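Letter by letter, the chains look like this.
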Amino acid sequence: MGDGRVEVGPVLAGVGRINMLFALDAAPPGPRWRALGAPGPGAVAAEVERVRGSLAGFAGVPVREVEWRVGASLFQQGLATRTLSPVLAAALCHGAALRAEAFHRDPGAKGPMVLRTSQRWAEPIAREDPAAVAGHIAASVLAGVLEPVAAALDAVPRGTGRVAPGLLRGNTASALAGAARSLGLARPAVREAAEEVVRLLAASPALAGTGSYTGRDAGGAAVFRRTTCCLYYRVPGAGYCGDCALAAPGKSG
(Lines give C-alpha, C1' and ligand atoms only; values in the text may rest on other atoms or scores of the structure.)
Protein backbone atom coordinates (compact mmCIF):
# COMPACT_ATOMS: atom_id res chain seq x y z
CA MET A 1 0.00 0.00 0.00
CA GLY A 2 1.17 3.55 -0.64
CA ASP A 3 -0.04 5.16 2.60
CA GLY A 4 3.00 4.24 4.69
CA ARG A 5 1.31 1.43 6.58
CA VAL A 6 3.25 -1.77 7.26
CA GLU A 7 2.11 -5.20 6.12
CA VAL A 8 1.62 -7.34 9.23
CA GLY A 9 2.48 -10.77 7.74
CA PRO A 10 6.24 -10.22 7.41
CA VAL A 11 6.30 -8.56 10.84
CA LEU A 12 4.72 -11.64 12.42
CA ALA A 13 7.26 -13.86 10.68
CA GLY A 14 10.10 -11.72 12.01
CA VAL A 15 9.01 -11.47 15.64
CA GLY A 16 7.96 -15.13 15.72
CA ARG A 17 11.56 -16.17 15.16
CA ILE A 18 12.61 -14.68 18.51
CA ASN A 19 10.87 -17.38 20.59
CA MET A 20 7.39 -18.83 21.07
CA LEU A 21 6.31 -16.06 23.45
CA PHE A 22 6.61 -13.54 20.60
CA ALA A 23 4.74 -15.66 18.07
CA LEU A 24 1.37 -14.86 16.53
CA ASP A 25 -0.31 -17.39 14.24
CA ALA A 26 -0.59 -15.93 10.74
CA ALA A 27 -3.98 -17.54 10.02
CA PRO A 28 -7.09 -15.35 10.46
CA PRO A 29 -9.07 -15.93 13.68
CA GLY A 30 -11.80 -18.53 13.19
CA PRO A 31 -15.46 -18.31 14.26
CA ARG A 32 -14.75 -19.65 17.76
CA TRP A 33 -11.91 -17.21 18.42
CA ARG A 34 -12.52 -14.28 20.77
CA ALA A 35 -10.78 -10.90 20.98
CA LEU A 36 -8.57 -10.52 24.05
CA GLY A 37 -9.75 -6.99 24.73
CA ALA A 38 -13.40 -7.90 25.29
CA PRO A 39 -13.46 -10.49 28.08
CA GLY A 40 -16.33 -11.20 30.43
CA PRO A 41 -16.18 -12.58 33.99
CA GLY A 42 -17.30 -16.00 32.79
CA ALA A 43 -14.59 -16.18 30.14
CA VAL A 44 -11.77 -15.17 32.46
CA ALA A 45 -13.08 -17.48 35.20
CA ALA A 46 -12.85 -20.37 32.74
CA GLU A 47 -9.29 -19.35 31.83
CA VAL A 48 -8.36 -19.27 35.51
CA GLU A 49 -9.69 -22.81 35.95
CA ARG A 50 -7.70 -23.94 32.93
CA VAL A 51 -4.51 -22.51 34.46
CA ARG A 52 -5.30 -24.03 37.85
CA GLY A 53 -5.64 -27.40 36.16
CA SER A 54 -2.31 -27.01 34.39
CA LEU A 55 -0.56 -25.96 37.61
CA ALA A 56 -2.10 -28.84 39.53
CA GLY A 57 -0.93 -31.28 36.85
CA PHE A 58 2.56 -29.81 36.97
CA ALA A 59 2.66 -30.08 40.77
CA GLY A 60 0.99 -33.51 40.87
CA VAL A 61 -1.75 -32.36 43.25
CA PRO A 62 -5.57 -32.02 43.08
CA VAL A 63 -6.85 -28.78 41.58
CA ARG A 64 -8.33 -27.74 44.93
CA GLU A 65 -4.76 -27.37 46.27
CA VAL A 66 -4.05 -24.57 43.77
CA GLU A 67 -5.68 -21.39 45.09
CA TRP A 68 -8.00 -19.50 42.77
CA ARG A 69 -6.02 -16.28 43.22
CA VAL A 70 -2.82 -18.09 42.20
CA GLY A 71 -4.47 -19.33 39.01
CA ALA A 72 -5.88 -15.86 38.34
CA SER A 73 -2.51 -14.18 38.83
CA LEU A 74 -0.60 -16.59 36.62
CA PHE A 75 -3.28 -16.50 33.91
CA GLN A 76 -3.00 -12.70 33.79
CA GLN A 77 0.80 -12.71 33.83
CA GLY A 78 0.92 -15.25 31.02
CA LEU A 79 -1.51 -13.19 28.99
CA ALA A 80 0.54 -10.05 29.67
CA THR A 81 3.70 -11.76 28.42
CA ARG A 82 2.00 -13.06 25.28
CA THR A 83 0.56 -9.66 24.35
CA LEU A 84 3.42 -7.39 25.37
CA SER A 85 6.17 -9.45 23.70
CA PRO A 86 5.07 -9.26 20.04
CA VAL A 87 3.89 -5.65 20.34
CA LEU A 88 7.24 -4.55 21.80
CA ALA A 89 9.27 -6.48 19.21
CA ALA A 90 7.16 -5.35 16.25
CA ALA A 91 7.59 -1.72 17.25
CA LEU A 92 11.33 -1.77 17.97
CA CYS A 93 12.44 -4.19 15.27
CA HIS A 94 10.00 -3.42 12.44
CA GLY A 95 8.55 0.02 13.17
CA ALA A 96 5.05 -1.48 13.16
CA ALA A 97 2.29 -0.73 15.68
CA LEU A 98 0.56 -4.05 16.31
CA ARG A 99 -2.80 -3.61 18.05
CA ALA A 100 -3.16 -6.02 20.94
CA GLU A 101 -6.91 -5.48 21.01
CA ALA A 102 -6.99 -7.23 17.60
CA PHE A 103 -5.36 -10.35 19.07
CA HIS A 104 -7.68 -13.36 19.37
CA ARG A 105 -7.60 -16.70 21.18
CA ASP A 106 -9.63 -19.88 20.83
CA PRO A 107 -11.09 -20.34 24.34
CA GLY A 108 -11.55 -24.06 23.79
CA ALA A 109 -7.95 -24.74 22.79
CA LYS A 110 -5.72 -26.91 24.96
CA GLY A 111 -2.02 -26.48 25.66
CA PRO A 112 0.13 -23.34 25.34
CA MET A 113 -1.65 -20.10 24.47
CA VAL A 114 -1.90 -19.58 20.70
CA LEU A 115 -2.80 -16.10 19.47
CA ARG A 116 -3.95 -14.85 16.08
CA THR A 117 -4.58 -11.30 14.92
CA SER A 118 -7.26 -9.85 12.69
CA GLN A 119 -4.90 -6.97 11.83
CA ARG A 120 -3.46 -7.07 8.33
CA TRP A 121 -1.85 -3.60 8.11
CA ALA A 122 -0.14 -1.67 10.92
CA GLU A 123 0.45 2.00 11.39
CA PRO A 124 4.15 2.92 11.34
CA ILE A 125 5.82 3.83 14.62
CA ALA A 126 9.18 5.52 15.21
CA ARG A 127 11.28 2.55 16.32
CA GLU A 128 14.09 4.86 17.45
CA ASP A 129 11.74 6.67 19.87
CA PRO A 130 11.19 4.64 23.09
CA ALA A 131 8.65 7.19 24.30
CA ALA A 132 6.48 6.62 21.23
CA VAL A 133 6.74 2.86 21.68
CA ALA A 134 5.89 3.13 25.38
CA GLY A 135 2.87 5.27 24.57
CA HIS A 136 1.64 2.76 22.03
CA ILE A 137 2.04 -0.13 24.48
CA ALA A 138 0.21 1.80 27.18
CA ALA A 139 -2.74 2.46 24.87
CA SER A 140 -2.92 -0.85 23.01
CA VAL A 141 -1.82 -3.47 25.53
CA LEU A 142 -2.33 -1.97 28.97
CA ALA A 143 -5.55 -0.06 28.31
CA GLY A 144 -6.73 -2.17 25.37
CA VAL A 145 -6.34 -5.65 26.86
CA LEU A 146 -4.89 -5.93 30.36
CA GLU A 147 -7.09 -3.38 32.09
CA PRO A 148 -10.30 -4.97 30.75
CA VAL A 149 -9.00 -8.39 31.84
CA ALA A 150 -8.27 -7.03 35.33
CA ALA A 151 -11.79 -5.58 35.48
CA ALA A 152 -13.27 -8.91 34.39
CA LEU A 153 -11.29 -10.75 37.07
CA ASP A 154 -12.54 -8.27 39.65
CA ALA A 155 -16.12 -8.93 38.51
CA VAL A 156 -15.89 -12.69 39.10
CA PRO A 157 -18.25 -13.57 42.00
CA ARG A 158 -16.51 -13.03 45.32
CA GLY A 159 -17.19 -16.58 46.43
CA THR A 160 -14.73 -17.72 43.78
CA GLY A 161 -11.78 -15.57 44.76
CA ARG A 162 -10.04 -12.27 44.25
CA VAL A 163 -6.60 -11.06 43.23
CA ALA A 164 -5.26 -7.65 44.27
CA PRO A 165 -5.10 -4.99 41.51
CA GLY A 166 -1.57 -4.02 42.59
CA LEU A 167 -0.41 -7.59 42.12
CA LEU A 168 -1.80 -7.62 38.57
CA ARG A 169 -0.03 -4.34 37.79
CA GLY A 170 3.18 -5.88 39.11
CA ASN A 171 2.61 -8.90 36.87
CA THR A 172 2.32 -6.57 33.89
CA ALA A 173 5.57 -4.79 34.75
CA SER A 174 7.35 -8.11 35.26
CA ALA A 175 6.04 -9.42 31.94
CA LEU A 176 7.19 -6.27 30.16
CA ALA A 177 10.67 -6.47 31.68
CA GLY A 178 10.88 -10.15 30.76
CA ALA A 179 9.86 -9.40 27.19
CA ALA A 180 12.46 -6.64 26.95
CA ARG A 181 15.15 -8.97 28.30
CA SER A 182 14.30 -11.74 25.84
CA LEU A 183 14.17 -9.27 22.98
CA GLY A 184 17.51 -7.75 23.95
CA LEU A 185 19.17 -11.16 24.07
CA ALA A 186 17.82 -12.09 20.64
CA ARG A 187 18.21 -8.65 19.04
CA PRO A 188 21.08 -6.85 20.82
CA ALA A 189 20.71 -3.77 18.61
CA VAL A 190 17.42 -2.89 20.31
CA ARG A 191 18.30 -3.89 23.88
CA GLU A 192 18.86 -0.35 25.17
CA ALA A 193 15.66 0.91 23.54
CA ALA A 194 13.67 -2.00 25.00
CA GLU A 195 15.01 -1.31 28.48
CA GLU A 196 14.16 2.37 28.11
CA VAL A 197 10.57 1.43 27.22
CA VAL A 198 10.44 -0.52 30.49
CA ARG A 199 11.80 2.44 32.45
CA LEU A 200 9.29 4.83 30.92
CA LEU A 201 6.29 2.58 31.55
CA ALA A 202 7.42 1.63 35.07
CA ALA A 203 7.45 5.37 35.86
CA SER A 204 4.07 6.02 34.23
CA PRO A 205 0.79 6.28 36.16
CA ALA A 206 -0.31 2.87 34.87
CA LEU A 207 2.66 0.99 36.39
CA ALA A 208 4.14 3.39 38.94
CA GLY A 209 5.49 1.63 42.01
CA THR A 210 5.51 -1.84 40.46
CA GLY A 211 9.27 -2.23 40.16
CA SER A 212 12.47 -0.89 38.63
CA TYR A 213 15.85 -1.84 37.26
CA THR A 214 18.40 -2.41 40.02
CA GLY A 215 21.62 -2.95 38.07
CA ARG A 216 23.05 -5.12 35.31
CA ASP A 217 23.95 -8.77 35.14
CA ALA A 218 27.25 -10.26 33.96
CA GLY A 219 26.07 -10.07 30.35
CA GLY A 220 25.22 -6.38 30.60
CA ALA A 221 21.42 -6.79 30.60
CA ALA A 222 19.41 -4.68 33.04
CA VAL A 223 18.04 -6.58 36.05
CA PHE A 224 14.42 -5.83 37.02
CA ARG A 225 12.98 -6.34 40.50
CA ARG A 226 9.27 -6.01 41.13
CA THR A 227 7.69 -4.78 44.37
CA THR A 228 5.01 -7.50 44.54
CA CYS A 229 4.80 -11.28 44.10
CA CYS A 230 2.86 -13.20 41.44
CA LEU A 231 2.08 -15.96 44.03
CA TYR A 232 3.78 -18.70 42.01
CA TYR A 233 5.57 -19.80 45.18
CA ARG A 234 2.18 -20.90 46.55
CA VAL A 235 1.93 -23.68 43.96
CA PRO A 236 2.97 -26.87 45.80
CA GLY A 237 6.63 -27.56 45.11
CA ALA A 238 7.29 -24.22 43.39
CA GLY A 239 9.71 -21.47 44.36
CA TYR A 240 10.25 -17.77 43.79
CA CYS A 241 10.69 -16.07 40.44
CA GLY A 242 13.98 -14.28 39.83
CA ASP A 243 12.47 -10.78 40.02
CA CYS A 244 10.17 -11.42 43.01
CA ALA A 245 10.02 -8.95 45.88
CA LEU A 246 10.04 -11.88 48.31
CA ALA A 247 13.14 -13.56 46.91
CA ALA A 248 16.69 -12.78 47.92
CA PRO A 249 18.84 -11.60 44.99
CA GLY A 250 19.86 -14.60 42.91
CA LYS A 251 17.20 -16.87 44.45
CA SER A 252 14.58 -18.29 42.13
CA GLY A 253 12.28 -21.27 41.74
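The rules behind each value
The numbers attached to residues start from 1 for each chain and follow its sequence in the written order. With pLDDT at 70 or above as the cut-off, local features in this predicted model cover only qualifying residues; side-chain atom pairs require 80 or more to be listed or tallied, and sums for whole chains, interfaces and linings still use all residues. Side-chain metrics rest on all non-hydrogen atoms present in the structure, leaving aside hydrogens and water. Think of it in three bands: residues with accessible area under 20% of the maximum for their type are buried, residues over 50% are exposed, and the middle band is partly exposed, with areas taken using a 1.4 Å probe on protein chains only. By the criteria applied, helices consist of DSSP H or I runs no shorter than four residues and strands consist of E runs no shorter than two, each listed in order from the N terminus. Here a strand pair is declared whenever DSSP counts at least two bridges between the two strands. Within this scheme, the nonpolar core is defined by two criteria: the residues are buried Ala, Val, Leu, Ile, Met, Phe, Trp, Tyr or Cys, and they are joined through side-chain atoms within 4.5 Å. The contact definition used throughout considers only heavy atoms, calling two residues in contact when any of these lie within 4.5 Å. Every axis corresponds to a line fitted to the C-alpha atoms, with the helix fit spanning only the stretch in contact, and the corresponding angles, defined between N-to-C directions, vary from 0 to 180 degrees. Angles are sorted into four bins: roughly parallel if under 35 degrees, roughly antiparallel if over 145, roughly perpendicular if 65 to 115, and oblique for all others. Charged means Asp, Glu, Lys or Arg here, nonpolar means Ala, Val, Leu, Ile, Met, Phe, Trp, Tyr, Cys or Pro, and polar covers whatever is left, Gly included.

## Digging into the pairing of strand β8 (residues 222-226)
Okay, step 1: Residues of β8 alternate between two faces, with Ala 222, Phe 224 and Arg 226 buried on one and Val 223 and Arg 225 left unburied on the opposite face.
Okay, step 2: As judged from the 5 bridges shared by strand β7 (residues 211-216) and β8, these two strands associate in the antiparallel manner. Looking at the pairing, Arg 216 lines up with Ala 222 of β8.

## Section: the sheet that holds strand β5 (residues 116-117)
Okay, step 1: A sheet is described by the order of its strands in space; here 3 strands give the open sequence β2-β4-β5, paired in antiparallel fashion. Because the sheet does not close on itself, it has two edges, and the strands there are β2 (34-35) and β5.
Okay, step 2: In the sheet, β2 pairs with strand β4 (residues 103-105) via 2 bridges, with the strands oriented antiparallel. Looking across to β4, one finds that Ala 35 is bridged to His 104.

## Some points on the nonpolar core
Okay, step 1: If you look at the biggest cluster of nonpolar residues, it comprises 74 residues, and the most contacted ones within it are Leu 88, Ile 137, Leu 153 and Leu 183.
Okay, step 2: Elements that contribute at least two residues to this core include exactly α1 (8-16), α2 (41-59), α3 (68-94), β3 (96-97), α4 (130-154), α5 (165-186), α6 (191-202) and β8.
Okay, step 3: Residue contributions to this core peak at 15 residues, all from α3.
Okay, step 4: If sequence neighbours within four positions are ignored, Ile 137 has contacts with Leu 84, Val 87, Leu 88, Leu 142, Val 197 and Leu 201.

## Digging into the environment of Leu 12
Okay, step 1: For Leu 12, the location among the structural elements is in helix α1.
Okay, step 2: Here Leu 12 falls in the buried class, since its relative accessible area comes to 7%.
Okay, step 3: Distance in space between the C-alpha atoms of Leu 12 and Asp 129 is 21 Å, their sequence separation being 117 residues.
Okay, step 4: Excluding residues that lie within four positions of it along the chain, Leu 12 makes contacts with Leu 24, Asp 25, Ala 26, Leu 98 and Thr 117.

## Observations concerning the sheet that holds strand β1 (residues 6-7)
Within a sheet, each strand pairs with its neighbour through backbone hydrogen bonds, oriented either parallel or antiparallel.
Okay, step 1: In space, the 3 strands of this open sheet follow the order β1-β6-β3, with antiparallel pairing throughout. The sheet terminates laterally at β1 and β3, the two strands that pair on one side only.

## Describing the packing of α1 against α3
Okay, step 1: Interaxial distance between α1 and α3 falls to 10 Å at its minimum, and their mutual angle equals 105 degrees. In terms of orientation, α1 and α3 fall into the roughly perpendicular class. Residues Val 11, Gly 14 and Val 15 of α1 lie in contact with α3, whose contacting residues are Pro 86, Ala 89, Ala 90 and His 94.
Okay, step 2: Of the residues assigned to the contact of α1 with α3, the class counts are 5 nonpolar, 2 polar and no charged.

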